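Summary of structural features
Each chain, written out:
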Amino acid sequence: LDDHHAIRRLKRGDISGLQTLVERYQVKAVRTAYLITHNPVLADDIMQSAFLRVYDSIQQFDLKRPFEPWFMRIVVNIALKAMKAELAVSVDEGSEELFPDFESDPAQMFEAHEMETAVRYALEQLTPPQRAVIVLYYYLGYTEGEISRELERPLGTVRWQIHAAKQKLKYLLYQFETGGSR
Amino acid sequence: MNDEQIKQAIHTIAQNDIGDNMNRWNDIYQKIDAQRIRNRPVWRLGKLAALAVITLIVFTMTGVGVYALYQFVLNDEGITAVEEAGMVQDINLSETIEGVTVTLQRGYADANRIALWFSIAGVELPEGQLVGNFFHPYIRYADGQILNPRGTGGSLISTGEFTYLITFDHEEPTPARGEFEFVFQLKPGEVYILPPDYTPVPDVSLEEYRSEFTLVDTFSFTFTLPVSEALTFEPDQTVESNGVSMTLETLEIAPSASTLGLCYDLPPNGDWMPNASVRFDEGQPVVLSGVGLVEIPTPEDTRRCVNVDVPVAYPEGAAVAEVIVDGLLASIPEDLSLIREQAEARLAKLGIEVEFITEDRGQWWEIVSKPEGMDDTKANRLVYDSLRELYEGEWIFRVELPQ
């Protein structure tokens, strides 16, 4: 069952259409939310909330549009909202282990997973909105135009945000690789 | 570090920290289910078996509730057909708790639904019409998903032993194919035992007829049934009639029932639902059993999509399935007096005379006369349909079946 047919089913009230979408997009949605929040439990909650939002608003979804960008926009927006309202959402006590504290043993981690660790470190230093832009651009592979459309922000603003986020990311990576000030 | 390296690293982090092995469907489904219960008032029953709806009209007003559904005999051609074809399996599991014995006798399952036959003995109740929820049957799959009953038929009169046939739709989520496990439970509760000749009386509470079970515990049966597969088609056929475009998007044919996926233009001023039937080859058309819960349309809604269940038996080897929608029907109004005259005129044309009774606590009708040979079920269904506004039209779809 492709997305189009699954959504048609869901629009008719057949919830098996939503099950198809959950099975297809749940992992990508949690990973997207996780890259923004650094919290696997919260990311899971965000993914589930996003699918509930899909269920509630599927009648407004235009079948001529692709589902994934529309859905991922929901995921990103809920993730950003959750980060703003940290007190209102569950906090994962184990998140530090998943996004390891670089400063605890930087040399060892650098050797083991040099590139990955560097990017982890850099992502941690970004604000959630900056991370959202980086995730959309690098993880979801959206163009500037697609990010502008999905986040409903002016293209110029998005271009500037992507540029600023990339610059900051690259600067932080440079710092990491050269052992610069941290 | 260039863009491609950053991209690769971010993908690696995501994959390493969040594994591929994930299934959150049950959690999401449970949240949706809870949400639906909270939102129930904005939804409306599209159409159930006519008798069941008649009961709802009476007893929701008098406070007994939807469990009145349980007391009507199920007239289900699809189940009858699979029973005659020997597709129903013996289960024969019994459990006795404090003198009450529940026996799960037989079962049948296909991709559309599950049917169970069971009996309850040892329940001490006064003689009379049984209405109530002293049992709560449901099915639980091995993975924890729960199915609530769709339709039930059984004993009308309490005589110490009750026998029931109950059906469950696989409407959501679609179950796994092949053999799987059910858990079936009964729970105690309260019932109303109405006198055999009881008719609704204004301002008379049903409280005096209430009985409660406190001694009965929960019964549980674990068993397996083979599941017959469905044939699935996506005809995507569109037919125009009386200014309304209707599309048959999907058709699922299981041995005991078929499910139609219909989308159509929504005429104004009504909660329109298709009056659909299905027949195979040149057989008798079987009318729908229901369209489940349908959201009440807003003035902005111009198109509606629904799943329609039709309890039609699939004769193996049939060459053509024909879906006939002979009109769109609006929901029955909450106050029957608004449509009484129109209904009486419609029924007169069919040779049925009926007396409508509207009271403070409920609404009812009595059939005064009907054509010779017409049974009560059919007459009540016609009365029920006469209370609904009709948007005329005819939409017929033919689907060639593989041989």
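Note that the structure is predicted; figures quoted are calculated from it, not measured. (Residues numbered from 1 in each chain as written. Chains lettered and ligands numbered in written order. Predicted model: local features only at pLDDT ≥ 70, side-chain atom pairs only at ≥ 80, totals over all residues. Heavy atoms only, no water.)

Taken together, the 44 residues of chain B in the interface contact 44 residues of chain A. Summed over both sides, the interface between chain B and chain A buries roughly 4,000 Å², with carbon and sulfur atoms accounting for 59% of that surface. At the boundary of chain B and chain A, one finds six salt bridges. Note that Asp236(B) is salt-bridged to Arg8(A), the shortest N-O span being 2.9 Å. Taken together, the connections running from chain B to chain A amount to 14 residue pairs in polar contact (both at pLDDT 80 or more). When contributions to the side of chain B that touches chain A are tallied by element, the ones reaching two or more residues are helix H1 (3-17), helix H2 (25-39), strand E16 (244-253), strand E17 (258-265) and strand E21 (303-310) of chain B. Looking at which element gives the most residues to the side of chain B that touches chain A, the answer is H1(B), with 13 residues. Counted by class, the side of chain B that touches chain A contains 17 nonpolar, 13 polar and 14 charged residues. (Contact = heavy atoms within 4.5 Å. Buried area = accessible area lost by both parts, 1.4 Å probe. Salt bridge = Lys/Arg side-chain N within 4 Å of Asp/Glu carboxyl O. Polar contact = N/O pair within 3.5 Å; in protein donor to acceptor, adjacent residues only side chain to side chain. Helix = DSSP H or I, 4+ residues; strand = E, 2+ residues; numbered from the N terminus. Nonpolar A, V, L, I, M, F, W, Y, C, P; charged D, E, K, R; others polar.)

This part covers the side chain of Arg304(B). Residues and elements named next belong to chain B. Along the chain, Arg304 turns up in strand E21. On the basis of relative accessible area, Arg304 is assigned to the buried category, the value being 6%. At 2.9 Å, the side chain of Arg304 forms a polar contact with the backbone oxygen of Trp272. (Buried < 20%, exposed > 50% of the residue type's maximum accessible area, 1.4 Å probe, protein only.)

All right, on to the nonpolar core then. Ranked by internal contacts, the top residues of the largest apolar core, which has 72 residues, are Leu18(A), Phe51(A), Val54(A), Phe67(A), Phe71(A), Ile10(B) and Ile28(B). With 12 residues, helix H4 (residues 67-84) of chain A is the single largest residue contributor to this core. With near-sequence residues (within four places) excluded, Ile10(B) lies in contact with Leu35(A), Val119(A), Leu123(A), Ile134(A), Tyr138(A) and Tyr139(A). Residues Ala276(B), Val278(B), Val310(B) and Val312(B) belong to the second largest nonpolar core, which totals 32 residues. (Core = buried A, V, L, I, M, F, W, Y, C linked by side-chain atoms within 4.5 Å.)

To continue, consider the environment of Asn269(B). You can see Asn269(B) is positioned in the loop between E17 and strand E18 (273-280). A sequence separation of 30 residues divides Asn269(B) from Pro299(B), and the C-alpha atoms of the two residues are 8.2 Å apart.

Residue and element names in this part refer to chain B. When the pLDDT values of chain B are averaged, the result is 74; 65% of them are 70 or greater. Highest mean pLDDT in chain B belongs to strand E26 (residues 395-400) (96); lowest belongs to helix H3 (residues 50-62) (33). Low pLDDT, under 50, characterises residues 37-74; the stretch is placed with 106 contacts to residues that sit more than four places away or in other chains. Per-residue pLDDT stays below 50 along residues 152-159; that stretch engages in 37 contacts with residues further than four places along the chain or on separate chains. Predicted complex metrics record ipTM = 0.81 and pTM = 0.53. (pLDDT = per-residue confidence, 0-100.)

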